[in-house]
Amino acid sequence: MAKTEKVTVTLTVDQVAAIKASLAAGHVESVSGFVQEAVQEALDAAELLESTLEADLLAAGGPVTEAEIAWADAVLGRDGPPRDPGPYPYPEGRQR
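Thresholds applied
- Residues numbered from 1 in each chain as written.
- Predicted model: local features only at pLDDT ≥ 70, side-chain atom pairs only at ≥ 80, totals over all residues.
- Heavy atoms only, no water.
- Helix = DSSP H or I, 4+ residues; strand = E, 2+ residues; numbered from the N terminus.
- Buried < 20%, exposed > 50% of the residue type's maximum accessible area, 1.4 Å probe, protein only.
- Contact = heavy atoms within 4.5 Å.
- Areas by Shrake-Rupley, 256 points an atom, 1.4 Å probe, with all protein chains shown as cover.
- Expected span 1.5 Å × (residues − 1).
- Patch = residues over 30% accessible without salt bridge, like charges linked within 9 Å, V, L, I, M, F, W, Y side chains within 5 Å.
- Salt bridge = Lys/Arg side-chain N within 4 Å of Asp/Glu carboxyl O.
- pLDDT = per-residue confidence, 0-100.
- Lys, Arg positive; Asp, Glu negative; His and termini not counted.
- Charge placed at Lys NZ, Arg CZ, Asp CG, Glu CD.

(A) How the structure looks around the overall build of the protein. From N to C terminus, the protein includes three helices and zero strands. Taking all 96 residues of the protein together, 9% fall into the buried category. Within the protein, contacts between residues at least 6 apart in sequence are counted, and of these 34% link residues at least 24 apart. Roughly 8200 Å² of accessible area belongs to the protein as shown, and the carbon and sulfur atoms make up 59% of that amount.

(B) Quick look at helix 2 (residues 31–59). For helix 2, which comprises 29 residues, the first-to-last C-alpha distance of 42 Å matches the rise-based estimate of 42 Å (1.5 Å per residue) to within 8%. Phi for glycine 61, located one or two positions after helix 2, is positive at around 120°.

(C) Summary view of a nonpolar patch on the surface. There is a patch of nonpolar side chains on the surface, built from Val7, Val9, Leu11 and Val16 and spanning about 320 Å² of accessible area. One can find leucine 11 in the segment before helix 1 (13–24).

(D) Expanded view of the confidence of the model for the protein. Taken as a whole, the protein shows an average pLDDT of 82; of its residues, 81% reach a score of 70 or greater. Helix 3 (residues 66–75) is the least confidently modelled element of the protein, averaging 85 in pLDDT, while helix 1 averages 95, the highest of any element.

(E) View of a negative patch on the surface. A contiguous patch of negative charge, built from Glu37, Glu41, Asp44, Glu47, Glu50 and Glu54, is present on the exposed surface. Position of glutamate 47 among the secondary structure elements: in helix 2.

Quick look at the structure:
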């Protein structure tokens, strides 16, 4: 079994009620188990999205260029400092 750490999370009253209903119906073994499973599914989805996006960028010609970022900023009406693209690299010389 993986090492665990106890944390506190805040959920809506409706979310807690739905989890407890699933627990009472025998669909889940525990509230913690339900939350662990939901978190793992979210992490897996984010990892898949990241790897898919990275593969798509490479297939389309590589990382986003400075010109492409400027075009997108203009189309979206953004001015000011660039937004953090997450794990995807900025073009050479551009700061995060």
